[in-house]
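# Summary of the model geometry
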Amino acid sequence: MKQATQKTVSVGSVVVGGPKFVVMAGPCSIESQEQLLQTAKHIQLHGASILRGGVWKLRTSASTFQGLGSEALSYAQKVIQQTGLPFVTEITDPRQVEVLAPVVSMFMVGARNMYNYALLKELGMQKKPVLLKRGFSALVDEWQKASEYVLQGGNENVIFCERGIRTFETSTRNTLDLNSVAVLKSRTHLPVIVDPSHAVGLSEFVPQMALASAAAGADGLILEVHPDPSKALSDGRQALSFTSFAETMAKLERLLTALDRPFVAGSSASGSVR
Ligand code: PEP
Ligand code: MN
C-alpha cells in the first residue's frame, strides 16, 4: 500500500527516491580493468553517481558471452577503490551472495529472475538494497508482488526498474512502458527507476527515452555505456558511446532544471546541486 511519505533507499552514499535524480551507468558486461575504469571515470565526470557492470551474465543463448565472473568482480573492486563509486551488478544465483555482498552497494535482480522467488527470499535476508527489474512479460501487479518476497524477508530497500516489456512491436528490442512508472509510484512508497537501454535496444533512441523517463517522474535511470560500443561483448547495439552519454547527461540536466528537480552533477560540477 502507498505510504504517506516516499521511502528513500541508500545505495552506498547515494540516496535514491529523494528529491535528487540519480543516474547509474556503466557497461553491460565488465570486459577488462581498463574498460571498466575508463567508463567509470567518464560517467562520474558527467554526473552519474552509481557504477553498473555485469559480472555473471544471464544471456538468452547459452552459447553467447556469459561474463568474466570472479575475474570481473576483482576488476570492479579495484575500480570502486579508485573512483569511490557505489557498484551495482546482477546476482544470478543465491550462492553468489557471499562473494558479491562485500563488493556491491546494491544487488540487481534481472528481468529473467523476477520470478525467482528463492533468489528474492535470499535477498530479503540481506541488508544491501535490491534493484528489482521487471520481467519481460510481467504485469505491474506481479512485479509489485515479487518485491514483497524481499520486503517480507525484512529487507525494505527495494528499487523498481522498468526495463521494457515484450509486445507485438518489433522495431525496438522491447516496448518501454512508462505507464508503469506512474502506476507504481501511485501504488508504492518505493523508488522507481528506468532502464531505457534494454527497453529500446538501439543506442540512437536511448537518449530520447532517458529524457522521457525523467519527465514521467522516474527517480533515476540506469544506462549502458561502452568506450567502443561496436566492440562490446554484450549489448553493444544499445550502448551509448562516451560522447552520446555526455550529451544525454547535459540534456537531462536542462530537463530536470525545468522540472524543478535537483540533479547532482558529477565531479565536473564539484558535486554542487544544479
Ligand atoms: C542487464 O542489465 O545487463 C540485463 C541483462 O538486463 P535485463 O535483466 O533487464 O535484461
Ligand atoms: Mn545488458
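Residues numbered from 1 in each chain as written. Chains lettered and ligands numbered in written order. Predicted model: local features only at pLDDT ≥ 70, side-chain atom pairs only at ≥ 80, totals over all residues. Heavy atoms only, no water.

### A look at the pairing of strand 3 (residues 22-26)
The buried count for strand 3 comes to 5 of 5 residues, which makes it a mostly enclosed element. Both faces of strand 3 are covered, namely the face carrying Val 22, Met 24 and Gly 26 and the face carrying Val 23 and Ala 25. Inspection of the sheet shows strand 3 paired to strand 10 (residues 220-224) by 5 bridges, in the parallel sense. Within the sheet, the bridge partner assigned to Met 24 lies in strand 10 and is Ile 222. Note on the crossover from strand 3 through helix 1 (residues 33-45) to strand 4 (residues 50-52): the handedness is right-handed. (Buried < 20%, exposed > 50% of the residue type's maximum accessible area, 1.4 Å probe, protein only. Helix = DSSP H or I, 4+ residues; strand = E, 2+ residues; numbered from the N terminus. Pairing = 2+ DSSP bridges. Right-handed = clockwise from strand over helix to strand, strands pointing away.)

### Considering the pattern of salt bridges
On inspection of all chains with the given rule, the structure shows 12 salt bridges. In this structure, the salt-bridge partner of Glu 204 is Arg 237, at a minimum N-O distance of 2.9 Å. Residue Glu 204 is found in the loop between helix 7 (196-200) and helix 8 (206-215), and its partner Arg 237 is found in the loop between strand 10 and helix 9 (242-258); the two are separated by 33 residues along the sequence. Residue classification places Arg 237 among the partly exposed positions, given a relative accessible area of 46%. (Salt bridge = Lys/Arg side-chain N within 4 Å of Asp/Glu carboxyl O.)

### Description of the pairing of strand 5 (residues 87-90)
Working note: regular strand, side chains alternate between the two faces of the sheet. A two-sided burial pattern is seen for strand 5, the buried positions comprising Phe 87 and Thr 89 on one face and Val 88 and Glu 90 on the other. Summarising the sheet, strand 4 and strand 5 pair through 2 bridges and their orientation is parallel. Bridge pairing in strand 5 places Arg 52 opposite Val 88. Taking the sense of rotation as the criterion, the β-α-β connection linking strand 4, helix 2 (residues 70-83) and strand 5 turns out right-handed. Across 3 bridges, the pairing between strand 5 and strand 6 (residues 106-109) is parallel. Its bridge partner lying in strand 6, Val 88 is registered against Met 106.

### Regarding helix 4 (residues 117-124)
Among all positions in helix 4, only Leu 119, Leu 120, Leu 123 and Gly 124 are buried. Viewed along the axis of helix 4, the buried residues span an arc of 145°, placing them on a single side of the element. In this structure, the buried residues of helix 4 make contact with helix 3 (97-100), strand 6, strand 7 (130-133) and helix 5 (140-151). (Arc of directions from axis to C-beta. Contact = heavy atoms within 4.5 Å.)

### Points about the side chain of Ser 180
Tracing the backbone shows Ser 180 in helix 6 (residues 179-187). Given the relative accessible area of 1%, Ser 180 is considered buried. Among all residues touching Ser 180, those that are not within four sequence positions of it are Arg 134, Val 140, Trp 143 and Glu 162.

### As for the coordination of the manganese ion (ligand 2)
Around the manganese ion (ligand 2), the donor atoms from the protein are Cys 28 (SG), His 198 (NE2), Glu 224 (OE) and Asp 235 (OD), and they sit 2.1 to 2.4 Å away. Sequence spacing of the donors to the manganese ion (ligand 2): C-x169-H-x25-E-x10-D. Of this pair, Cys 28 sits in the loop between strand 3 and helix 1 while Asp 235 sits in the loop between strand 10 and helix 9, placing them 207 residues apart in sequence. Owing to a relative accessible area of 17%, Asp 235 belongs among the buried residues under this scheme. (Donors = N, O, S within 2.8 Å, 3.2 Å for Na, K, Ca; no water.)

### What about helix 6?
For helix 6, the complete set of buried residues consists of Ser 180, Val 181, Leu 184 and Lys 185. Here the buried residues of helix 6 occupy an arc of 125° about the axis, which is enough to place them on one side. Where the residues of helix 6 are buried, they touch helix 5, strand 8 (158-162) and strand 9 (192-194).

### Examining the packing of helix 5 against helix 6
Packing of helix 5 against helix 6 brings their axes to within 11 Å, and their N-to-C directions diverge by 45°. Regarding the angle of helix 5 to helix 6, the classification is oblique. When you trace helix 5 past helix 6, the crossing you get is right-handed. On helix 6, the residues that touch Val 140, Asp 141, Trp 143 and Gln 144 of helix 5 are Ser 180, Val 183, Leu 184 and Arg 187. Taken together, the residues that form the contact of helix 5 with helix 6 break down as 4 nonpolar, 2 polar and 2 charged. (Axes fitted to C-alpha atoms, helices over the stretch in contact; angles between N-to-C directions. Parallel < 35°, antiparallel > 145°, perpendicular 65-115°, else oblique. Left-handed = near helix turned anticlockwise from the far one by under 90°. Nonpolar A, V, L, I, M, F, W, Y, C, P; charged D, E, K, R; others polar.)

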